[in-house]
Structure formats: C-alpha cells, structure tokens
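The residues making up each chain are set out below.
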Amino acid sequence: MPLHVSFIVPVLNEAQSVRMALNDLQGWREEGHEVIVVDGGSDDATVEQARPLCDRLVESPRGRSHQMNAGAAVAGGEVLVFLHADTRLPLDALEHLQRFVDSPAAWGRFDVRLSGDHVLLRVIGHAMNLRSRITGIATGDQAMFVRRVIFEEVGGFETVPLMEDIALSRRLLPLSKPFCVNSRAVTDSRRWEKHGILRTILLMWQLRFRYWRGEDPIHLARLYYPNVTPSKAASPNAATKAK
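Residues numbered from 1 in each chain as written. Predicted model: local features only at pLDDT ≥ 70, side-chain atom pairs only at ≥ 80, totals over all residues. Heavy atoms only, no water.

Draft legend 1. Molecular detail of helix α4 (residues 64-74). For α4, a buried count of 8 out of 11 residues is recorded, marking the element as mostly surrounded by other parts of the structure. S65, H66, Q67, M68, N69, A70, G71 and A72 are the residues of α4 that are buried. Residues of α4 that are buried in the fold lie against β1 (5-11), β2 (34-39), β3 (56-59), β4 (79-82), α7 (148-154) and α8 (164-172). (Buried < 20%, exposed > 50% of the residue type's maximum accessible area, 1.4 Å probe, protein only. Helix = DSSP H or I, 4+ residues; strand = E, 2+ residues; numbered from the N terminus. Contact = heavy atoms within 4.5 Å.)

Draft legend 2. Fine view of the pattern of salt bridges. For the structure shown, the criterion picks out 6 salt bridges. A salt bridge links D111 to R109, with the shortest nitrogen-to-oxygen separation between them at 2.7 Å. For the pair shown, D111 and R109 are each scored as buried. Between R171 and E158 there is a salt bridge, and its shortest N-O distance comes to 3.4 Å. Of this pair, R171 sits in helix α8 while E158 is found in the loop between α7 and α8, placing the two residues 13 residues apart along the sequence. Taking the relative accessible area as the measure of exposure, R171 reaches 24% and is therefore partly exposed. By sharing partners, the salt bridges in this structure join R109, D111 and R133 into a single network. (Salt bridge = Lys/Arg side-chain N within 4 Å of Asp/Glu carboxyl O.)

Draft legend 3. View of the pairing of β2. In terms of residue burial, β2 counts as a mostly covered element, since 6 of its 6 residues are buried. With burial as the criterion, each face of β2 is covered, one bearing E34, I36 and V38 and the other bearing V35, V37 and D39. With 6 bridges connecting them, β1 and β2 associate as parallel partners. Of the residues in β2, the one forming a bridge with F7 is V35. Direction of pairing for β2 relative to β3: parallel, over a ladder of 4 bridges. Opposite D39, over in β3, you have E59 as the bridge partner. (Pairing = 2+ DSSP bridges.)

Draft legend 4. Looking closely at the nonpolar core. Residues F7, L22, V79, L89, L97 and F110 are the most contacted members of the largest nonpolar core, which totals 32 residues. Secondary structure elements with two or more residues in this core: β1, α1 (18-23), β2, α3 (46-50), β4, α5 (93-101) and β8 (179-187). Residue contributions to this core peak at 5 residues, all from α5. Those residues in contact with F110 that sit more than four places away from it in its chain are L89, P90, A93, L97, Q142, A143, F145, V181, S183 and A185. (Core = buried A, V, L, I, M, F, W, Y, C linked by side-chain atoms within 4.5 Å.)

Written as structure tokens, this is what we have:
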C-alpha cells in the first residue's frame, strides 16, 4: 500500500525552535507527505515562523490533546504521526512507517533517546523503551503513530491535560500491540536537566502510579505544571479553525 503520512505537530510559544523542528520534515513534504502545525494560542512569533514550513496551520484550544485532535480532524494521510515540537524523528522514519502500513498493527511508536549527554539520560531512555515493549504503553515523546481510521474509531485523544498518550495506548492495545520501531526519535532533555534528573524520575513515577490508581489527570497536571492552571476539557474540535 502506498504511504501517505500526516505529521501533526502541536506547538505553543515555540518561536525559538519551531523552524528547526519543521525544517527536519521538509524533505518528506517534498515527497508528498503532509505537515500540520496546530497552535494552542502562542503569543510569540511561532505562527509566523511555522506558516511557510507546513501544509496547514490550525489553531485550537490550548493543550496537546486538544491540539492533536484538531490536527487529526483535518489530516488527509492514512497514517497520523503525533510529533512533539522538541522531538526529532530518525532519518529512516518513513521506511519504518511503510513497514507498519504493510503490517497488521493498528498503531505504533519509535524508540526514544533523550538529547543530553548525562549517562543517566541514556539509562532513562533505555528504560522507557523497555517498559514500553513490556507494557504496550507508549508516551508522546516516542512519536506515536496510528492508522487514521483506527484513531477515529477509538475517538482520538481524551481531552485531558496530562496522560493523554497513556490513555490512548490503553484504548489501542485491545486492537493490537504497538508496532515498535528500533530507530530512535530524539527528544529534548531540558526539563529533565532543569528540574534535576532524579527528581524528575521520581515525579514521573509518582504521576504514573497515581494515574494508575484512578486520580484525576487535571489534579496530576497541577503537579507536573505547577505554574500553569490546566484548562477544563472541551470538545476535541471546539473553536478549531484554519489560519
């Protein structure tokens, strides 16, 4: 089956880095694949920087789940790749996505590597990939991808301020195990280094455990984003429009 991919990139105040992120996708745009940028209300130059480097620029309510749903709603590709603005795909990504399309899998993700040089970051990346293979749960940093018809069938991302990737993984698992790509996507390690690697590990373990116990993601988001008030969940496509 010929491959047609929609890369969906949620952004918010990424003026300093969005051009570099989108430049990496231009070769694939030239091959006929689609790049959709979804802005969550940036008040810097993100939109101006992104506009010439994408096929569609959409605005939506703030929050990755809202933004990724809004991008999926206008996507034309049969495969949706949800790519954080601080994550870079491997050069052979399309080869793996073609193998995915030719497989029976409904969805998948890449292995991940954190960008910093600290040895603990290598260990964390390895642990994330191993855990994902064992549990079948993927995170947004692993550049999740899914067949568009399947994404629509399961209702897209839950419009929650945190753990939307885990929630989607749980709904996709009954359909198939994830298609795990060995090639590594590289994600920025700034948050880990800024807040302390060990401290961030403990926080993530705490959040995952409390989510597993059924705690409200809105409350968990207050711990993860202590200086941001999470917005209430809204309809995935509410107030969405093309710019």
